[in-house]
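Structural overview
Take a look at the letters that make up each chain.
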Amino acid sequence: MIVRFLSVLLCCALSASVGAAPFAPGARVAFVGDSITHHGQYLRYLNLFYATRFPGSGIRLFNCGINGDATGAVQMRLGEDVCALKPTDVSFMLGMNDANSERMAESYEPNFRKVVEIVRTGCPDVRFHWMLPTIYDATSTAGTTNNAVWRAERVNDIAVPAMRRLAKETDGRILDVNGDMRAWTARLQAEDPKASLVSGDRCHPDRRGGFFIAWSYLRNQCVEPCLDRIVRDAEGKDSLAFTLTEKALPYPIDPAAGDLAAKLPLDQICREEFKVVNLVPGRYTLILDGQPVGTYSSEALARGVDLARNSATPQYRQALEVLKLVDARNEAEVHYRNLVWVWRMLKIRKVDFADAKAVRDYYESQPEKARKTGWLKFVPEWLEQWPRRADILADLERRMREIERVARPIARRWEWRRASDDFALARNGQLACVLVATGNKTVDADIAFFTNAVARISGAELVVVQSGSCRKDVADSALPLQLGTTTNSAPLIRTMPFVKNAMSASTCRSPVSSIVQAERPSSTRTNSSAGYL
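What you are looking at is a predicted structure, and each value in this text was computed from that prediction instead of being measured. (Residues numbered from 1 in each chain as written. Predicted model: local features only at pLDDT ≥ 70, side-chain atom pairs only at ≥ 80, totals over all residues. Heavy atoms only, no water.)

Another point: the overall build of the protein. Looking only at helices and strands, the protein has 18 helices and 16 strands in total. By the burial criterion, 54% of the 533 residues in the protein qualify as buried. In the protein, the share of contacts with a sequence separation of at least 24, taken over all contacts with a separation of at least 6, comes to 82%. Split by element, the accessible area of the protein, about 23500 Å² in all, is 52% carbon and sulfur. (Helix = DSSP H or I, 4+ residues; strand = E, 2+ residues; numbered from the N terminus. Buried < 20%, exposed > 50% of the residue type's maximum accessible area, 1.4 Å probe, protein only. Contact = heavy atoms within 4.5 Å. Areas by Shrake-Rupley, 256 points an atom, 1.4 Å probe, with all protein chains shown as cover.)

So, about the sheet that holds strand β7 (residues 239-244). An order of β7-β12-β9-β10 is seen for the four strands of this open sheet, with the pairing classed as antiparallel. Both edges of this open sheet fall to β7 and β10 (291-297), since each of them pairs with a single strand only. Strand-to-strand, the axes of this sheet are offset by a mean angle of 20°, without reference to chain direction. Two elements, strand β9 (residues 283-288) and β10, share six bridges in a ladder whose sense is antiparallel. Considered in β10, the bridge of R283 is made with S297. (Pairing = 2+ DSSP bridges. Axes fitted to C-alpha atoms, helices over the stretch in contact; angles between N-to-C directions.)

Let us now look at the packing of helix α3 (residues 41-53) against helix α11 (residues 314-348). Axis separation between α3 and α11 bottoms out at 10 Å; the angle between their running directions is 135°. Compared by their axis directions, α3 and α11 come out oblique. α11 is crossed by α3, and the crossing has right-handed handedness. Contacts from L43, R44, N47, L48, A51 and T52 in α3 reach A319, V322, L323, V326, D327, R329 and N330 in α11. Partitioned by chemical class, the residues of the contact of α3 with α11 number seven nonpolar, three polar and three charged. (Parallel < 35°, antiparallel > 145°, perpendicular 65-115°, else oblique. Left-handed = near helix turned anticlockwise from the far one by under 90°. Nonpolar A, V, L, I, M, F, W, Y, C, P; charged D, E, K, R; others polar.)

This part covers the pattern of salt bridges. According to the stated counting rule, one finds 33 salt bridges in the structure shown. Linking E273 and R229 is a salt bridge whose minimum nitrogen-to-oxygen distance equals 3.2 Å. Here the residue E273 occupies a position in strand β8 (residues 271-277), and R229 occupies one in strand β6 (residues 226-233), the gap between them amounting to 44 residues. Classification of R229 as partly exposed rests on a relative accessible area of 48%. When salt bridges that share partners are traced, they join D69, R77, D81, R337 and R344 into one network. (Salt bridge = Lys/Arg side-chain N within 4 Å of Asp/Glu carboxyl O.)

What follows deals with the packing of aromatic side chains. For the structure shown, the criterion picks out 31 aromatic pairs. With centroids separated by 5.8 Å and ring planes inclined at 80°, the aromatic side chains of F49 and Y50 adopt a geometry described as edge-to-face. There is no split in this pair, since F49 and Y50 are both buried. Relative to F112, the ring of Y108 lies with its centre 5.5 Å away and its plane at 90°, an arrangement referred to as edge-to-face. With Y108 and F112 both in helix α5 (residues 104-122) and four residues apart, the pair spans about one turn of that helix. Overall, F112 belongs to the buried group, its relative accessible area being 0%. Following the ring pairs from residue to residue traces out a cluster consisting of F23, F31, Y42, Y45, F49, Y50, F54, F211, Y217 and Y251. The ring of F242 is capped by R232, whose NZ or CZ atom sits 4.5 Å from the centre of that ring. Directly above the aromatic system of Y363 lies the positively charged group of R371, at a separation of 5.5 Å from the ring centroid. (Phe/Tyr/Trp six-rings, centres within 6.5 Å; stacked < 30°, edge-to-face > 60°. Lys NZ or Arg CZ within 6 Å of the ring centre and 35° of its normal.)

Take the pairing of β8 next. The buried fraction of β8 amounts to five of the seven residues, a majority that puts the element mostly inside the structure. In terms of strand pairing, β8 meets strand β11 (residues 305-306) through two bridges, oriented antiparallel. By the bridge assignment, F274 is partnered in β11 with V305.

Tracing the sequence through the fold places N47 in helix α3. Taking relative accessible area as the criterion, N47 reaches 7% and is therefore assigned buried. Setting aside residues no more than four positions away along its own chain, N47 makes contact with L61, V326, R329 and M400.

Contact geometry of α11 with helix α14 (residues 389-406) gives a least axis separation of 9 Å together with a crossing angle of 165°. What the angle tells us is that α11 and α14 run roughly antiparallel. Crossing hand, α11 versus α14: left-handed. Here Q318, E321, V322, L325, V326, A328, R329, A332, E333, Y336 and L339 of α11 lie close against α14, whose contacting residues are R389, I392, L393, L396, R399, M400, E402, I403 and V406. Partitioned by chemical class, the residues of the contact of α11 with α14 number 13 nonpolar, one polar and six charged.

One full turn of an α-helix is made of 3.6 residues, so residues set three or four places apart face in the same direction. The end-to-end C-alpha distance of α5, which contains 19 residues, comes to 26 Å, matching closely the 27 Å that a straight helix rising 1.5 Å per residue would cover. Of all the positions in α5, only M104, S107, Y108, E109, F112, V115, V116 and V119 are classed as buried. Buried residues in α5 make contact with α4 (78-82), β3 (89-93), β4 (127-131) and α6 (149-169). (Expected span 1.5 Å × (residues − 1).)

With respect to topology, five strands assemble into an open sheet ordered β2-β1-β3-β4-β5, the strand pairing being parallel. Of all strands in the sheet, those bounded by a partner on one side alone are β2 (60-65) and β5 (173-175). For this sheet, the mean angle separating the axes of adjacent strands, direction not counted, is 20°. In terms of strand pairing, strand β1 (residues 28-33) meets β3 through five bridges, oriented parallel.

Next up on the list: the environment of L393. By the secondary structure assignment, L393 is in helix α14. A C-alpha to C-alpha distance of 9.7 Å links L393 and A332, two positions 61 residues apart in sequence.

Glancing now at unusual backbone geometry. In the Ramachandran plot, D171 falls in the positive-phi region, its phi being about 55° despite a non-glycine side chain. Of the residues examined, D171 reaches a relative accessible area of 66% and is grouped as exposed. For R202, which is not glycine, the phi dihedral falls at a positive 80°. Within the fold, R202 resides in the loop between α7 (177-191) and α8 (207-221). Residue R202 is classed as buried on the basis of its relative accessible area, which comes to 8%.

The following block contains the structure:
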């Protein structure tokens, strides 16, 4: 706990000089960038965090990225594409495409000063956020085709120092995503030289990389990591029940980022502290809205437990529903950015975008192969949809309001029961009981495989005991599970939706016998060579 507190405190101390803070209620934030922003990977998770952490705050995050943009080219669209949104905040991340130019050292900072001037003219009171550019990964040994190592050097040596200077001049806030990505890339590649936080082209993040970038952005904003602090006094009793509406939902983990998320200190941006004092010593099961979600010792509860990462809670499942809506909105917004990309390219090529015939003639004059790639492939959709772009923007806002509705915390029934009372829950098929080791190496290997797999998928801590240490009447009457070879065991997990909760070795006590015997399908009886659940 102390280490966690100090890590957050250090983050804020390092960022205090540039006013690190989360976006204010009602903020309208335009994220100006290139394809890394346009593709929406990190914005997906920033939207998810702000929707779940600050329900009803009215915060809006706008994707204002365009494929291929740089500090010079972006200037022509700032008025109509950015200032027209009436932003309270603008978050900049540009540099990867500037790094293609050998004159970057001469042009990058002057161009960015011009960008600041244009935005301030259109939005006089705007606050600036300087997102130090994501990395060009020149060190991964994975097979990639884009090996322009000099891009990494230019981003790190030119863009990063220039943006730090501009942040100071504009009283802006620095988000050192670049530093975080470099540090974590080195850490990950020390374990696996092929590891990377970006995709195969070395610069564009996928969903996994987007999750990391959002984590870094939020960490640099020094968001309050604790979504809620709940303390209850059991007053010497061995049970507790109450109804509570929490302040916010947990920040759910996208399965696509699961392996990386397991390594990141996510408690720097999201945790939920729950403490129960003066409980009778023992183990207790938390039951939310009638569903058991975890078992904890009274000692752990007295110290406080973090519920934010418990994926079995109804709050977490609600947050996953929010993620689905955010995903759908993100896809729609990226599609809209494709249309804006066409508009920008028509302007660059001096094609009258107000004249549909002129646009169509230009499109049809291009080689057939070119019309299937890049911005040109979106021209047919642009001709149809650009005239009703106001409806598209209205739909994006409607989607955001639906996200806010689903992200609103609701009152839930909380119960803490002694673990010994959980036998009754087996009747509802909610309780994982015991796996009995048989002495058969093949079967026992399958039991270990099954136990580990269930722990990964459901969070259940299944108990494995030697058959000799388990009462024979319990083993004989427990619901049996016939395990085959290790390679055939995985499908069994999908047939066990009732595996939800953990039990201690006390599972072998006699009450299990009558309960499971009553629930056991008669057709499932097997020989003692089976594993038992």
